[in-house]
Amino acid sequence: MDHHERIAQQFHESIRTKQKALDRLSPGIAAAAALMADTLQREGKILACGNGGSAGDAQHFSSELLNRFEMERPGLPGLALTTDSSTLTSIANDYAFREVFARQVRALAHDGDVLLAISTSGNSENVIAAIDAAHERGARIVALTGHDGGAMAAHLSENDVEIRVPAQITARIQEVHLLVIHCLCDLIDRQLFGG
């Protein structure tokens, strides 16, 4: 297989995964956007966490809220828990890597806030710990997962929203997660600011 064929294969797999995800994920995306918009309208905030590529997605989401997505509007309160290297390393050193997001959630989350918890496998222990901490603080969860939802699925309550990508390949799940994030940003803006 030459390079062009391999590239075409990657594109076609991505397209197929997104087409397969559309009908399954649309209701969850709409519910998550409504939850987030309501939280922001009530002057709550959205915290986001994940590891590796999912950490990048958490930062991408919070930057779209804080700055802007596609329309001019005031900044919205979003915070990626993945960006403060001093906090992350001190918690990992003093406690455990499992606690790097949970300790931040316990300090920053309030009743009515939302945690965007991102894990392609659904098995990231530190993201699961953050979910549990968010519930302790009265926050609700929007979970972006893949595969079979992993262990995270068992930690979600009926008031939470799981958006589970119907795929097994990490790259394909991450590609859909990014599209979901853009959908959430678009719907939040439209619900809060019209257009």
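Residues numbered from 1 in each chain as written. Predicted model: local features only at pLDDT ≥ 70, side-chain atom pairs only at ≥ 80, totals over all residues. Heavy atoms only, no water.

The chain carries the name Phosphoheptose isomerase in an unreviewed UniProt entry, which gives Sediminicurvatus halobius as its organism. In UniProt, the chain has this text filed under Subunit (unreviewed entry): "Homotetramer." Quoted straight from UniProt, the Sequence similarities (unreviewed entry) entry for the chain says "Belongs to the SIS family. GmhA subfamily." (UniProt positions renumbered as here; feature names shortened; annotations may be inferred.)

**A word on the layout of surface pockets**
Within this model, the largest pocket holds a volume of roughly 180 Å³. In terms of lining, the largest pocket is formed by K18, A21, L22, L25, S26, I29, A30, V176, L179, V180, C183 and L187. Going through the elements one at a time, α1 (3–41) and α6 (170–193) are the ones with two or more residues in the lining of the largest pocket. A total of seven residues in the lining of the largest pocket trace back to one element, the largest contributor, which is α1. Looking at the lining of the largest pocket residue by residue, the classes come out as ten nonpolar, one polar and one charged. (1 Å grid on protein atoms, 1.4 Å probe; cavity = no way out; pocket = protein on both sides within 12 Å on 5 of 7 lines; lining within 4 Å. Points joined across faces, edges and corners; volume = space filled by probe spheres on them. Helix = DSSP H or I, 4+ residues; strand = E, 2+ residues; numbered from the N terminus. Nonpolar A, V, L, I, M, F, W, Y, C, P; charged D, E, K, R; others polar.)

**Let's talk about the state of the cysteines**
Applying the stated criterion to the full structure yields zero disulfides. The thiol of C185 is unpaired, and the distance to the nearest cysteine sulfur, on C183, comes to 9.4 Å. We classify C185 as buried; its relative accessible area is 2%. (Disulfide = S-S within 2.5 Å. Buried < 20%, exposed > 50% of the residue type's maximum accessible area, 1.4 Å probe, protein only.)

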